[in-house]
Amino acid sequence: MQNLTSIIRVSGNFDDFKTNLEIRACLYNKFYKKDTSFLLVDYGDDINESVKFEEFSQANNWDYIKCPPGSNNSKAINLGIINSSTEFIILEDIDLIHPIRFYERIQTEIINDWDSRPFNFYSVPVAYLSEEESEAIAINPSLLSEEFLHKIKDDLELNHRYKYLQHFAPQSSLIVLRKTTAQFVGLFDEAFEGWGGEDRDFIFRLISSNTKIIHNNDFGYTSTENGDRI
């Protein structure tokens, strides 16, 4: 029985995301669906585009939610969390694609011994590939193999200038947690507009609520530095 829901937010024109969605659907049907369920949360205001997202979801056995008009990213995430039917959730951006064992490894390496760990959420690193690598994967998603991951790892560790990567984020808003934990801290603050602040605020509250770890004396300090520097 699945106990992980991938909550994917989307807004805008279907054609802008069609290639990525088709890759995800291919991987989902071949590899992912035994380990996770997909929930597409649409917070766009164009009803014609929403029809396309909904039809795509139905064709690929994904769950679909249409947000009320005027919803933002935080509202979309909250509706996804509230409507998920599994114990654990993973919050995702639409432009991510994962190796074939990604959700299996989330299950075996994190979720299975969750209660023995001190943390109440986990942030997953994200590698932003070069345009050439991205195009190759769009043509052949099976390239996302264990060998490919080793290639990326070597690129990170051995090269001063990335050969296969455009950027690497050692921490990201791709996070795994219990649904009840997200609800306990009050979900995402829907007053945030745009991008970038809502996830930092949410993560701050997750860390603040964790009684299994010790917080630094200046934990509540808000830095004005660039996020990458932090």
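Caption draft 1: Expanded view of the sheet that holds strand β4 (residues 88-92). Pairing is mixed in the open sheet, where six strands are placed in the order β3-β2-β1-β4-β8-β5. Edge positions in the sheet fall to β3 (63-66) and β5 (121-123), since each of these pairs with one other strand and no more. Pairwise comparison of adjacent strand axes, ignoring direction, gives a mean angle of 20 degrees for this sheet. Inspection of the sheet shows strand β2 (residues 37-42) paired to β3 by four bridges, in the parallel sense.

Caption draft 2: Inspection of the environment of Ile106 at higher detail. Within the element layout of this structure, Ile106 appears in helix α4 (residues 102-111). For Ile106, a relative accessible area of 5% gives the class buried. A C-alpha to C-alpha distance of 26 Å links Ile106 and Lys18, two positions 88 residues apart in sequence. With sequence-adjacent residues up to four places away left out, Ile106 is seen in contact with Leu4, Ile111, Val124 and Val176.

Caption draft 3: Up close: the packing of aromatic side chains. Tallied over the full model, the rule gives 16 aromatic pairs. Where Phe102 meets Tyr103, the ring centres are 5.0 Å apart and the plane angle is 85 degrees; that geometry is what we call edge-to-face. Judged on exposure class, the residue Phe102 and its partner Tyr103 are both buried. What links up through ring pairs into an aromatic cluster is the set Phe14, Phe17, Tyr28, Tyr32, Phe38, Phe53, Phe56, Trp62, Phe102 and Tyr103. Taking NZ or CZ as reference, Lys151 lies 4.4 Å from the ring centre of Tyr164, over its face.

Caption draft 4: Focus on the pairing of strand β1 (residues 4-10). Of all seven residues in β1, seven are buried, a share of seventy percent or more. With burial as the criterion, each face of β1 is covered, one bearing Leu4, Ser6, Ile8 and Val10 and the other bearing Thr5, Ile7 and Arg9. In this structure, β1 lies alongside β4, joined through five bridges in parallel fashion. Looking at the pairing, Thr5 lines up with Ile89 of β4. Pairing of β1 with β2, which is carried by six bridges, proceeds in the parallel orientation. In the sheet register, Arg9 faces β2, and the bridge partner there is Val41.

Caption draft 5: Here's a closer look at helix α8 (residues 197-209). With 13 residues, α8 extends 19 Å from end C-alpha to end C-alpha; this agrees with the ideal 18 Å at 1.5 Å per step. Along α8, the residues that are buried comprise Glu198, Asp199, Phe202, Ile203 and Leu206. For α8, the angular spread of buried residues about the axis comes to 125 degrees, placing them on one side. Where α8 is buried, its residues contact α3 (73-83), β4, β5, β8 (175-178) and α7 (179-184).

Caption draft 6: Spatial organisation of helix α6 (residues 146-158). Between its terminal C-alpha atoms α6 stretches 18 Å, which fits the 18 Å expected from 13 residues at 1.5 Å a residue. Inspection of α6 places Phe148, Ile152 and Asp155 among the buried residues, and these make up the whole buried set. Taken end-on, α6 shows its buried residues confined to a sector of 55 degrees, consistent with a single buried face. Exposed residues pointing more than 90 degrees away from the buried face of α6 are listed as Glu147, His150, Glu157 and Leu158. Buried residues along α6 sit against β6 (126-129), α5 (131-139) and β7 (165-169).

Caption draft 7: Region of interest: the packing of helix α1 (residues 14-32) against helix α2 (residues 47-59). For the pair α1 and α2, the least separation of the axes is 11 Å and the interaxial angle reads 5 degrees. On the basis of their axis angle, the class for α1 and α2 is roughly parallel. Residue-level contacts link Phe14, Asp15, Phe17, Leu21, Glu22 and Ala25 of α1 to Glu49, Lys52, Phe53 and Phe56 of α2. The residue inventory of the contact of α1 with α2, partitioned by class, reads six nonpolar, no polar and four charged.

Caption draft 8: Region of interest: the nonpolar core. The biggest cluster of nonpolar side chains holds 39 residues, and the ones touching the most others in it are Leu21, Leu40, Phe53, Trp62 and Ile106. Contributions of two or more residues to this core are made by β1, α1, β2, α2, β4, α4, β6 and α6. The dominant element in this core, judged by the number of residues it contributes, is α1, at eight residues. Those residues in contact with Trp62, other than ones at most four positions away along the chain, are Leu21, Arg24, Ala25, Tyr28, Phe38, Leu40, Phe56 and Ser57. Grouped together as the second largest cluster of nonpolar side chains are 21 residues, Ile65, Leu79, Ile89 and Phe202 included.

Cut-offs used in this document
Residues numbered from 1 in each chain as written. Predicted model: local features only at pLDDT ≥ 70, side-chain atom pairs only at ≥ 80, totals over all residues. Heavy atoms only, no water. Pairing = 2+ DSSP bridges. Helix = DSSP H or I, 4+ residues; strand = E, 2+ residues; numbered from the N terminus. Axes fitted to C-alpha atoms, helices over the stretch in contact; angles between N-to-C directions. Buried < 20%, exposed > 50% of the residue type's maximum accessible area, 1.4 Å probe, protein only. Contact = heavy atoms within 4.5 Å. Phe/Tyr/Trp six-rings, centres within 6.5 Å; stacked < 30°, edge-to-face > 60°. Lys NZ or Arg CZ within 6 Å of the ring centre and 35° of its normal. Expected span 1.5 Å × (residues − 1). Arc of directions from axis to C-beta. Parallel < 35°, antiparallel > 145°, perpendicular 65-115°, else oblique. Nonpolar A, V, L, I, M, F, W, Y, C, P; charged D, E, K, R; others polar. Core = buried A, V, L, I, M, F, W, Y, C linked by side-chain atoms within 4.5 Å.

Limitation: the analysis is restricted to geometry and does not speak to function.
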